[in-house]
Amino acid sequence: MTLTFFNTLDRRRQEFKPIHEGKVGLYTCGPTVYNYAHIGNFRAYMFEDLLRRTLKFFRYDVTQVMNLTDVDDKTIRDSRKAGLPLREFTGKYIRAFFEDLKVLNIEPAEFYPAATDHIPEMIEMIRILMEKGFAYQAEDKSVYFSIDKFPEYGKLAKIDRENQLSGVRIRNDEYAKDSVADFALWKAWDEADGDVAWESPWGKGRPGWHIECSAMSRRYLGDSFDIHTGGIDNMFPHHEDEIAQSESVSGRKWVNYWLHCDHLMVDGDKMSKSLNNFYTLRDLLDKGYKGREIRMVLLGAHYRKKLNFTFEALDQAREALRKFDDFFRRLREVQVPGAADDATKKILADALNAFSSGLGDDLNISEGMAALYDLQRELNKRIEGGTLSAEGAEAALALFREFDRVLGVLQVDASAEAVPEAVKTIAEARQAARKNKDYAASDRCRDELKALGYVVEDIPGGGYRIKAL
RNA sequence: GGCGUGGUGGCCGAAAGGUUAGGCGGAGGUCUGCAAAACCUUAUAAACCGGUUCAAUUCCGGUCCACGCCUCCA
């Protein structure tokens, strides 16, 4: 089983080789907590969850760090607008963020460092950069990183500085910097910051955005680690700047594999408030969709491709999951005695193989899911034909549990919801009417059940089954 | 303007230089009092124009379209 990733660093697929045998250090850019995260944000977190789960599926011991950006222009601006202290303001959205992660069944990372809890680490890094001559304090008292001092600048985004600058207008307020592309490590305090400020060797102020990630990854993962991920739009300048800072501090290669996920679109357009296609997770839950249905949609496309989010896709996901639920129930009900036959063992082994090679191939989720559907069809045939034994069914269920360690959307062992007595009574009455061939009465019972939100399915042999709609 | 990604059947979405992706939906059938579920069968494709090749949806070039980054938006 090999694991291959498309590394943005050189735009090629590469076999994954961790720094430390069997272990993976993973840094994932987290949310800026100034509002509820929207489903576009969650596409990235879902991709990172799939990555994390796949690494674990391949038996790696994963240490994931996801930062919480709780101090920046937006958090400061909006907390002041709300008339709340920064921490109180961001706390609300941090709590919401964790609730949302739970709804989507996203596995928790090992560390969720908040920027405001790591100011000393950031100051320390800036101090080293100053000492080594990579940074300077400008007239405006802010500290900037001088990209002229880092010749490899642009190696991730493949940005040629000459080209890049030719198209960018130089703004008047950037006069303080030596070069327009230099970025802030430490921002000197100004009016707009209110009471948000920390003391530093360069005066009162707050950290720049990029240094947050560099400092927190260094604290929890060291000077070099395996994988850094994020949305494609953070590739430049954010990730490029992180590389410049981190590698200048340590003098070593910082990250071995960079993985970037593409955007989520809604109805073919970029999500925006003006198009009225801007959804938070909560908006979708309010419309009656379940977390796992949304997760299923978000899992639907390869992470490096744009994912078009539609309500039709949500409905399709719901249907596919319903069929799985039904399928697992049928597997659990298999009564045929005997051990699993070789042919069954083989299709299970083949499915595991196909699933693993799909996921191992740069997280090709579509191939992985195809393996599940193929297996489902094969097993259905066996159930239908009565050739699947209870032991075979149990082996199949165990395999689907294994798949779900990666997917996190199946409910292999979901117990049926308790059916109210009233419903049972009507269903029983219907069965009695059917036995008497009073089909008009039988159909009336079915209508009553439907009104209560239940359907009844007859099983060959005289039994029936009640299901919630 | 510079750089980059992509356009696959009604919808979603893979792989591969020649051999069925898969899912949802549709059609026909088996089963059923009817229905549902399940199973079987099946149809629908590769933006456009050139080129390379015995063979291209798959490689190359161009056109059109969409999207992204260059403006601290995943």
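Preceding this paragraph is the structure being described.
Caption draft 1: The sheet that holds strand E12 (residues 269–270), seen in detail. Taken together, three strands build an open sheet; the order of strands is E12-E11-E13 and the sheet is mixed. Of all strands in the sheet, those with a lone pairing partner are E12 and strand E13 (307–309), marking the two edges. Alignment of strand E11 (residues 264–266) against E13, held across three bridges, turns out to be parallel. The partner of Leu264 across the bridge, within E13, is Leu307.

Caption draft 2: Expanded view of helix H14 (residues 421–435). Over its 15 residues, H14 runs 21 Å from end to end, which matches the ideal 21 Å to within 8%, given 1.5 Å per residue. Against the buried residues of H14 lie helix H15 (439–452), strand E14 (454–458) and strand E15 (464–468). Just beyond H14, the residue with positive phi is Lys437, at close to 60 degrees.

Caption draft 3: Fine view of the sheet that holds strand E3 (residues 23–28). Read from one edge of the open sheet, four strands run E4-E3-E9-E10, paired in parallel fashion. The open sheet has two edge strands, strand E4 (61–66) and strand E10 (255–261), and neither has a second partner. Strand-to-strand, the axes of this sheet are offset by a mean angle of 20 degrees, without reference to chain direction. Note that E3 and E4 share six bridges and pair parallel.

Caption draft 4: Spotlight on the pairing of E15. Burial of E15 is one-sided: the residues Arg465 and Lys467 facing one way are buried, the residues Tyr464, Ile466 and Ala468 facing the other way are not. Where E14 and E15 come together, five bridges link them in antiparallel fashion. Bridge assignment links Val456 to a residue of E15, and that residue is Ile466. The hairpin formed by E14 and E15 contains five residues between the paired strands, and Gly461 there has a positive phi angle of roughly 110 degrees.

Caption draft 5: Structural detail: the environment of Ala396. By secondary structure assignment, the location of Ala396 is in helix H13 (residues 390–407). Every residue in contact with Ala396, bar those within four places of it in the chain, is listed here: Leu331, Leu348 and Leu379.

Caption draft 6: Local environment of empty space enclosed by the protein. One pass over the structure, following the stated rule, counts two cavities of 30 Å³ or more. Considered as a void within the structure, the largest cavity measures approximately 90 Å³ in volume. Arg43, Met46, Phe47, Leu50, Leu298, Leu299, Ala301, His302, Tyr303, Leu363 and Ile365 are the residues that line the largest cavity. Residue contributions to the lining of the largest cavity peak at four residues, all from helix H1 (residues 39–57). Here the residues of the lining of the largest cavity are counted per class, giving nine nonpolar, one polar and one charged. Within this model, the second largest cavity holds a volume of roughly 30 Å³. For the lining of the second largest cavity, the residue count by class is two nonpolar, three polar and two charged.

Procedures and definitions
- Residues numbered from 1 in each chain as written.
- Chains lettered and ligands numbered in written order.
- Predicted model: local features only at pLDDT ≥ 70, side-chain atom pairs only at ≥ 80, totals over all residues.
- Heavy atoms only, no water.
- Pairing = 2+ DSSP bridges.
- Helix = DSSP H or I, 4+ residues; strand = E, 2+ residues; numbered from the N terminus.
- Expected span 1.5 Å × (residues − 1).
- Contact = heavy atoms within 4.5 Å.
- Axes fitted to C-alpha atoms, helices over the stretch in contact; angles between N-to-C directions.
- Buried < 20%, exposed > 50% of the residue type's maximum accessible area, 1.4 Å probe, protein only.
- 1 Å grid on protein atoms, 1.4 Å probe; cavity = no way out; pocket = protein on both sides within 12 Å on 5 of 7 lines; lining within 4 Å.
- Points joined across faces, edges and corners; volume = space filled by probe spheres on them.
- Nonpolar A, V, L, I, M, F, W, Y, C, P; charged D, E, K, R; others polar.

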